[in-house]
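# Remarks on the overall topology
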Amino acid sequence: MAEHLIIVHGWSDSALGFAGVRDFLLDQNFYQPNNIRVINYKSLDDQATLEDFADKFDEFFQINYKNRGIDRIDIICHSTGSLVVRSWLALRRIRQKRRNQDIDLPVEHFFMFAPANFGSDLALLGQSGLHRLRTALQIKLNEDVKVEKFEVGKKVLQALEPSSPSQWKLSNIDLHEETYFGPEDETQQICYPFVFAGGSFAQKFSKFSDSLQKFIPRFIPLVNNPSTDTTVRICGTSLNTRKVIIRQDRDNPKKADFRWSEERKFANIPFAVFPQYNHGEVVKVGLTADGDGEVVNLFRQAHQVNSLESYKKVSEAFSQFTNAKYPQEKEGIIFQQLFFKIKDDVDFDVLEFFIDFVVYKNGQLDEELTEEVDQHFDNDGNWYSHSVDKSCKVLLVDYHKLNQFFKKIKNNQATVILNITAKSISNEINFDRFNCPIFGAQVTEQNINFLYPNTTTLVEIILNRGQHANILS
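Quick summary incoming for the structure in this document. Per-chain numbering applies: the sequence of each chain, read as written, is numbered from 1 onward. Under the rules for a predicted model, residues below a pLDDT of 70 receive no local features and side-chain atom pairs below 80 are neither given nor counted, while totals for whole chains, interfaces and linings still include all residues. Heavy atoms throughout the structure, all of them, feed into the side-chain values; hydrogens and water do not.

Before going further, it helps to spend a moment on the pattern of salt bridges. Throughout this description, the term salt bridge denotes a Lys or Arg side-chain nitrogen within 4 Å of a carboxyl oxygen of Asp or Glu. Overall, the coordinates contain 26 salt bridges when judged by the stated rule. For arginine 93, the salt bridge goes to aspartate 185, with nearest N and O atoms at 3.1 Å. Of this pair, arginine 93 sits in helix 3 (residues 81-98) while aspartate 185 is found in the loop between helix 7 (165-177) and strand 5 (192-198), placing the two residues 92 residues apart along the sequence. The buried category is assigned to arginine 93, whose relative accessible area is 3%. According to the relative accessible area criterion, aspartate 185 is buried, its value standing at 6%. A single network of salt bridges, built from pairs that share partners, joins Asp55, Asp58, Lys66, Asp71, Arg92, Arg95 and Asp104. Strands here are runs of E lasting at least two residues and helices are runs of H or I lasting at least four, both read from the DSSP assignment and numbered beginning at the N terminus. Burial classes follow relative accessibility: with a 1.4 Å probe on protein chains only, a residue under 20% of its type's maximum area counts as buried, one over 50% as exposed, and anything between as partly exposed.

Dropping the structure here:
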């Protein structure tokens, strides 16, 4: 088992904030003295990207560990730290393959606390001028963060927005295409990932919500919102993603081909939700002597994993804990998000499009059920479009309510239709309208199922690209 640990903080935080976690781990003999490093990275640098941090992290690992004969380490990360580490692992794997080098897997236990795997609703707000002022004041009080200008980490925050192209690209690499989070890695080594998620803002502060809304602007989406831990979406912390590719038929634009990505990662990556803790508390309180023991107990089990069999048992323990503390049957606390990426069959991104959902029954539009589906899919407050790359959108849905609605669709022998209207930025290019059945009478259960609680489903949609007749003669 790995004897060395690196702790990676989140956005706008620093190594100083994790001194308590480091001291607790040493006191409890999880790791020996001098074997824990808490690193700093300049998350508030406006020009720095996740790839920059990943590249420097690779150099840091090579010099301080690999060159000293230490091939495997453990990592604890918080929030944005998960994207930094995942970006590092992806960069290292891709670079080694391109250079025909030996491929390794340097992380053994990967402990993610409130990870921003699929972003934060506060990322856009963080890019504002108001937040620059707040950051400036924060920096003056934090001697551990050294910057010359009052910056907020603009490029990092853009990568942190829900539906960011960075998250899409990274998730395709490490969760679906080149995944090292699975039992069959080509290095014959195994990386064991674990997710410790914080609970919801609304559960913790619901008794204050009425008064809070009088003083906190409504554009902050986390007020009285049970889908978050005050910073990141709880369902967006999980790595138990699914991915489906929906391709418009070239010969018949009204038909679609569904293809689910082959599942190469672990069938169930350990995921636990701790409703008593918010975004920062789940690690800084939960994983210290001040914690109530639940986080520490699951962490201890995860830390002892040394085989696929023991990993599977811990995964079951995480699931049992979450089902007891965060039951799926309880309405209003379990969410799922659909991450849409739209492109054409020439592999260009489609930047202007509108997604709508309608319900058909017996070949006719059912206005009553369509009105009801609007409540689940077409509410503007549930959609997030990336501020820079408009080909990416995320839809957040209440899993319990959607599950009940889909049961109603089945009972009525109806079908939910995904309707996409796209517009090209060029007058010479056009797209066929795409009406795609995704659930119900016209869709068999084995072909497609969008219901996965506490997860993100990646939905890649490929539209037919057409040209006006006079473009070639």
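Sheet architecture is open: six strands sit in the order 2-1-3-4-5-8, paired in parallel fashion. Two strands lie at the open edges of the sheet, namely strand 2 (36-39) and strand 8 (271-274), each paired on one side alone. Shown here is a sheet whose adjacent strand axes are inclined to one another by a mean of 15°, direction ignored. Here strand 1 (residues 5-8) runs beside strand 3 (residues 73-78); their pairing, made up of four bridges, is parallel. Bridge pairing in strand 3 links isoleucine 7 to isoleucine 76. Two residues form a contact once any of their heavy atoms are found within 4.5 Å. An axis is simply a line fitted to the C-alpha atoms; with a helix, the fit covers only the stretch in contact. Between two such axes, the angle follows the N-to-C directions and lies from 0 to 180 degrees. Here helix 11 (residues 294-303) sits on the sheet in contact with strand 3, strand 4 (107-113), strand 5 and strand 8, set at roughly 165° to strand 4. Think of it this way: DSSP has to see at least two bridges between two strands before they count as a pair.

Our focus in this paragraph is unusual backbone geometry. Phi at asparagine 100 takes a positive value of approximately 55°, unusual for a residue other than glycine. You can see asparagine 100 is positioned in the loop between helix 3 and strand 4. One non-glycine residue, serine 163, adopts positive backbone phi at about 70°. Along the chain, serine 163 falls in the loop between helix 6 (154-160) and helix 7.

Further remarks concern the packing of aromatic side chains. Ring pairs shown here join Phe, Tyr and Trp side chains whose ring centres sit within 6.5 Å, with only the six-membered ring taken for Trp; geometry is labelled stacked below 30 degrees between planes, edge-to-face above 60, and tilted in between. Applying the stated rule across the entire model yields 27 aromatic pairs. Arranged with centres 4.5 Å apart and planes meeting at 45°, the rings of phenylalanine 266 and tyrosine 311 form a pair that is tilted. In this pair, phenylalanine 266 is assigned in the loop between strand 7 (256-260) and strand 8 and tyrosine 311 in helix 12 (residues 308-325), connecting sequence segments 45 residues apart. Within the aromatic cluster, the residues linked to one another by ring pairs are Phe30, Phe111, Phe113, Tyr192, Phe194, Phe196, Phe266, Phe274, Phe299, Tyr311, Phe318 and Phe321. Look at NZ for Lys and CZ for Arg. If either is within 6 Å of the ring centre and within 35 degrees of the ring normal, a charge sits over the ring. Over the aromatic face of phenylalanine 18 sits the side chain of lysine 284, whose NZ or CZ is 4.9 Å from the ring centroid.

Alternating residues of strand 1 divide into Leu5 and Ile7 and Ile6 and Val8, and every residue in both groups is buried. Here four bridges tie strand 1 to strand 2, and the two strands are oriented parallel to one another. Note that in strand 2 the partner of valine 8 across the bridge is isoleucine 39. With respect to chirality, the unit in which strand 1 leads through helix 1 (residues 19-27) into the neighbouring parallel strand 2 is right-handed. Seen with its strands pointing away from the viewer, a crossover is right-handed if its path from the first strand over the helix to the second goes clockwise.

With 129 residues, the main nonpolar core has Leu25, Ile75, Phe196, Phe357 and Val416 as its most contacted residues. For this core, the element with the most residues is helix 3, which contributes six residues. Each residue touching leucine 25, except ones within four places of it in the same chain, is listed here: Leu5, Ile7, Phe30, Tyr31, Ile36, Ile76, Leu287 and Phe299. As used in this record, nonpolar core signifies buried Ala, Val, Leu, Ile, Met, Phe, Trp, Tyr and Cys residues forming a set joined through side-chain atoms within 4.5 Å.

Our next topic: the pairing of strand 13 (residues 392-398). Of all seven residues that make up strand 13, seven are buried, and the element is covered over most of its length. Because side chains alternate across strand 13, one face comprises the buried residues Cys392, Val394, Leu396 and Asp398, and the other comprises Lys393, Leu395 and Val397, equally buried. As judged from the seven bridges shared by strand 9 (residues 335-344) and strand 13, these two strands associate in the antiparallel manner. In the strand pairing of strand 13, glutamine 336 is matched with valine 397. Across three bridges, the pairing between strand 12 (residues 383-385) and strand 13 is antiparallel. Its bridge partner lying in strand 13, serine 385 is registered against lysine 393. Here strand 12 folds back onto strand 13, and the loop between the two strands holds six residues.

Moving on to the packing of helix 13 (residues 367-377) against helix 14 (residues 399-411). If you want to describe how two helices pack, look at the angle between their axes and the distance between the axes. The interhelical angle for the contact between helix 13 and helix 14, taken along N-to-C directions, is 160°, at an axis separation of 10 Å. When the interaxial angle is binned, helix 13 and helix 14 end up roughly antiparallel. Judged by the twist between their axes, the crossing of helix 13 over helix 14 is left-handed. Residues Leu369, Glu372, Val373, His376 and Phe377 of helix 13 lie in contact with helix 14, whose contacting residues are Lys401, Leu402, Phe405, Phe406, Lys408 and Ile409. By definition in this entry, angles of less than 35 degrees are roughly parallel, angles greater than 145 are roughly antiparallel, angles of 65 to 115 are roughly perpendicular, and the rest are oblique. Here a crossing is called left-handed whenever its near helix is offset anticlockwise from the far helix by less than a right angle, and right-handed whenever the offset is clockwise.

Looking now at the side chain of serine 238. Looking at where serine 238 falls in the secondary structure, it is placed in the loop between helix 9 (209-215) and strand 6 (242-248). A polar side-chain atom of serine 238 sits 3.0 Å from the main-chain amide nitrogen of asparagine 240. Dropping the residues within four chain positions of it, serine 238 is found in contact with Phe118, Phe271, Asn454 and Thr455. As used in this structure description, the phrase polar contact means that two N or O atoms lie within 3.5 Å; if the pair is within protein, one of them must be able to donate a hydrogen and the other to accept it, and residues adjacent in sequence are counted only when both atoms belong to side chains.

A few words now on a negative patch on the surface. Together, Glu367, Glu368, Glu371 and Asp374 give the surface a local cluster of negative charge. Within the element layout of this structure, glutamate 367 appears in helix 13. A residue is classified by how much of its surface remains accessible, and glutamate 367, at 63% relative accessible area, is exposed. For patch detection, residues must exceed 30% relative accessible area and be free of salt bridges, and they are connected within 9 Å for like charges or within 5 Å for nonpolar side chains (Val, Leu, Ile, Met, Phe, Trp, Tyr). Each accessible area is a Shrake-Rupley result for a 1.4 Å probe, and residues are judged covered by the shown protein chains and nothing else. By the counting scheme adopted, Arg and Lys are positive, Glu and Asp are negative, and His together with the chain ends is not counted. Throughout, a charge is located at the NZ atom of Lys, the CZ atom of Arg, the CG atom of Asp or the CD atom of Glu.

The next thing to look at is the sheet that holds strand 11 (residues 364-365). Taken in spatial order, the four strands line up as 11-10-14-16 in an open sheet, and their pairing is antiparallel. The sheet is open, and its two borders are formed by strand 11 and strand 16 (434-440), each paired with just one other strand. Across ten bridges, strand 10 (residues 352-361) lies against strand 14 (residues 414-423) in antiparallel orientation. Paired with phenylalanine 357 across the bridge in strand 14 is leucine 418. Each of strand 10, strand 14 and strand 16 touches helix 14; the most contacted strand, strand 14, lies at about 110° to it.

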